[in-house]
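# Structure at a glance
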Amino acid sequence: KPTSPTLQSLCLKVLAPSLPKYLEAFGESTLHHYLSLLPGPALTALSVYVSKSIGMSDALVGLLNQTHATRLSIFAPTIDDETDGPWRALTKEGIDTLVPSWGQGHDALVRESWEDSESDREQWQWKGCRRLERLELGNLPHLSVESLEKLLDKCSGMTHLGLSGSCAYESGPEVFWRLPDWLPRLQLLDISGNPWVTENLLRNLFDDYNLRCPQALRIKAVGCLSLTSQVALELEYGDQFLTR
């Protein structure tokens, strides 16, 4: 039986495409503070609605960069459109804001005297998403190994990772090679829509996880045209899990 949408989900769906206007009106610090009052599931839903409606930008990723966020969907716009302003761009700088770090947060004030050092100390806090369990990164062909290493190495407890339409022929294979080191607890990997994925890369990734990690790894590879039905059957017979 279909369920009716909640009032919260309806509000978030309406808010998502208007976030750039609120950002312009209130400023980053104020809007970031307001969004910090949302519970984790609401932040997840908001990230999905933004990704599906207007696509993420550096500025919007910064707003959703909340320390209590556990699941986020970060998809770049699929159509280049500069008419709505520079907030449309999603670059390395935006992805880097997700990296957990300790420093002065959005609410920190600039002090003019050493006498305010005690107040300064209270403003230092965790930044970035240090509790991330599931992350979807999409439509990011320019995503580099360095950016992923900087983020995933600090979020090693992550169990679900999406890289649909992301990385390239140069970076994708190295990402596969490094994943077991970055995310030893990974359970699901979505690599849909990536032409650089080959059968050999998949086999090697499965072998690495079998040798070094205790849990089974599931891979979603919809739209990877280089993968044949034969390799899917072979991996399934070998207790691997591949969805095409």
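Above this text you will find the structure in question.
First, a word on scope: everything that follows refers to the structure included in this document.

The rules we used
Residues numbered from 1 in each chain as written. Predicted model: local features only at pLDDT ≥ 70, side-chain atom pairs only at ≥ 80, totals over all residues. Heavy atoms only, no water. Salt bridge = Lys/Arg side-chain N within 4 Å of Asp/Glu carboxyl O. Helix = DSSP H or I, 4+ residues; strand = E, 2+ residues; numbered from the N terminus. Buried < 20%, exposed > 50% of the residue type's maximum accessible area, 1.4 Å probe, protein only. Contact = heavy atoms within 4.5 Å. Pairing = 2+ DSSP bridges. Polar contact = N/O pair within 3.5 Å; in protein donor to acceptor, adjacent residues only side chain to side chain.

Right, let's talk about the pattern of salt bridges for a bit. Taken as a whole and assessed by the stated rule, the structure comprises five salt bridges. In this structure, Arg 178 and Glu 174 form a salt bridge, with 3.5 Å as the shortest nitrogen-oxygen distance. Taken as a pair, Arg 178 and Glu 174 lie in helix α9 (residues 172–182) at a separation of four residues, close to a single helical turn. The exposure class of Arg 178 is buried, given its relative accessible area of 17%.

Bringing the environment of Ile 74 into the picture now. Among the structural elements, Ile 74 can be located in strand β1 (residues 71–75). Residues Ile 74 and Leu 60 lie 14 residues apart in sequence; the distance between their C-alpha atoms is 9.5 Å. The contact partners of Ile 74, leaving out residues within four places of it in the chain, are Ser 51, Met 56, Val 61, Leu 90, Ile 95, Leu 135, Glu 136, Leu 137, Gly 138 and Leu 140.

Moving on, we get to the pairing of β1. In terms of burial, β1 is largely enclosed, as four of its five residues are buried. Here β1 runs beside strand β4 (residues 134–138); their pairing, made up of five bridges, is parallel. The partner of Phe 75 across the bridge, within β4, is Gly 138.

A few words on the side chain of His 160. Following the sequence through the fold, His 160 ends up in strand β5 (residues 160–162). Only 3.4 Å separates the side chain of His 160 from the side chain of Arg 134, close enough to count as a polar contact. When neighbours within four sequence positions are excluded, His 160 is seen to be in contact with Glu 133, Arg 134, Leu 135, Leu 186, Gln 187 and Leu 188.

Function-wise, these values are silent; they only describe arrangement.
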